[in-house]
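Okay, here's what each chain looks like letter by letter:
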Amino acid sequence: MAISKALIASLLISLLVLQLVQADVENSNKKRGYGRKIDCGSACVARCRLSSRPNLCHRACGTCCARCNCVPPGTYGNYDKCECYATLTTHGGRRKCP
């Protein structure tokens, strides 16, 4: 009888700990911007609308958006609004994202 009470108590504590860990992970993901997915297609259309090479811009922007789940506002710059987008680079060390 004592073993079953100890088993039930340990199971309840384990479930409580798992719930707290899951809530913490969800909360940290929301702070990083992972909580909601953005529409990369429309965000990249807006970002690349003035590009001289729109197909290249859309492809690079789409890749960056899929990885970072954000696209900076405007057609150029504003990298401070999306840190992940700004840190992606090519093999040559140049910025990958338009």
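Residues numbered from 1 in each chain as written. Predicted model: local features only at pLDDT ≥ 70, side-chain atom pairs only at ≥ 80, totals over all residues. Heavy atoms only, no water.

> Help me understand the overall build of the protein chain, please; the structure alone is not making it clear to me.
Along the backbone of the protein chain there are 4 helices and 0 strands. Each helix (α) and strand (β) of the protein chain, taken in turn from the N terminus, gives the series α-α-α-α. A separation of at least 24 residues holds for 45% of the contacts in the protein chain among residues at least 6 apart in sequence. Surface exposure of the protein chain reaches about 7,500 Å², of which carbon and sulfur atoms provide 58%. (Helix = DSSP H or I, 4+ residues; strand = E, 2+ residues; numbered from the N terminus. Contact = heavy atoms within 4.5 Å. Areas by Shrake-Rupley, 256 points an atom, 1.4 Å probe, with all protein chains shown as cover.)

> Sorry if this is basic, but what is going on with the side chain of Arg 47 here?
On the secondary structure map, Arg 47 appears in helix H2 (residues 40-47). Separated by 2.9 Å, the side chain of Arg 47 and the backbone oxygen of Gly 77 make a polar contact. In contact with Arg 47, not counting residues within four places along its chain, are Cys 61, Val 71, Pro 72, Pro 73, Gly 74, Thr 75, Tyr 76, Gly 77, Tyr 79, Tyr 85 and Pro 98. (Polar contact = N/O pair within 3.5 Å; in protein donor to acceptor, adjacent residues only side chain to side chain.)

> Hey, could you run me through the side chain of Asn 69 in this one?
As for its placement among the helices and strands, Asn 69 is situated in the loop between helix H3 (54-68) and helix H4 (83-87). Among the polar contacts listed, one links the side chain of Asn 69 to the backbone nitrogen of Ile 38, at a separation of 3.1 Å.

> Honestly, the state of the cysteines in this entry has me stumped. Any pointers?
What is meant by a disulfide is a covalent connection between two cysteines, made through their sulfur atoms. Counted according to the given criterion, the structure contains 6 disulfides. Each sulfur in the disulfide pair Cys 68 and Cys 84 lies 2.1 Å from the other. One disulfide, between Cys 68 and Cys 84, carries an S-S torsion of -70° and so falls in the left-handed class. In this pair, Cys 68 sits in helix H3 while Cys 84 sits in helix H4, placing the two residues 16 residues apart along the sequence. (Disulfide = S-S within 2.5 Å.)

> Explain the layout of surface pockets to me, please; I cannot follow it from the model alone.
Where empty space is left in the structure can be found by rolling a water-sized probe over the atoms. Estimated volume of the largest pocket: approximately 480 Å³. Along the wall of the largest pocket there are 18 residues; nearest its centre are Leu 56, Arg 95, Lys 96, Cys 97 and Pro 98. At 3 residues, H3 tops the list of elements feeding residues into the lining of the largest pocket. Grouping the constituent residues of the lining of the largest pocket by class yields 9 nonpolar, 4 polar and 5 charged. (1 Å grid on protein atoms, 1.4 Å probe; cavity = no way out; pocket = protein on both sides within 12 Å on 5 of 7 lines; lining within 4 Å. Points joined across faces, edges and corners; volume = space filled by probe spheres on them. Nonpolar A, V, L, I, M, F, W, Y, C, P; charged D, E, K, R; others polar.)

> Is there a simple way to explain H3 in this structure?
In an α-helix there are 3.6 residues to a turn, and that puts residues three or four apart on one side. Taking 1.5 Å per residue, 15 residues should reach 21 Å; H3 reaches 20 Å between its end C-alpha atoms and fits that length. Residues Cys 57, Ala 60, Cys 61, Cys 64, Cys 65 and Cys 68 constitute the buried set of H3. In an axial view of H3, the angular spread of the buried residues amounts to 135°, which keeps them on one side of the axis. Every exposed residue of H3 that faces more than 90 degrees away from the buried side is listed here: Asn 55, Arg 59, Ala 66 and Arg 67. Packing partners of the buried residues in H3 comprise H2 and H4. Within two residues after H3, Asn 69 carries a phi angle of roughly 60°, on the positive side. (Expected span 1.5 Å × (residues − 1). Buried < 20%, exposed > 50% of the residue type's maximum accessible area, 1.4 Å probe, protein only. Arc of directions from axis to C-beta.)

> Please clarify how the nonpolar core should be interpreted in this entry.
One finds Cys 44, Cys 61, Cys 64, Val 71, Tyr 85, Leu 88 and Cys 97 to be the most contacted residues of the largest nonpolar core, which totals 14 residues. When residues in this core are grouped by element, the largest group, 5 residues, is from H3. Every residue in contact with Val 71, bar those within four places of it in the chain, is listed here: Ile 38, Ala 43, Cys 44, Arg 47, Cys 61, Cys 65, Cys 82 and Tyr 85. (Core = buried A, V, L, I, M, F, W, Y, C linked by side-chain atoms within 4.5 Å.)

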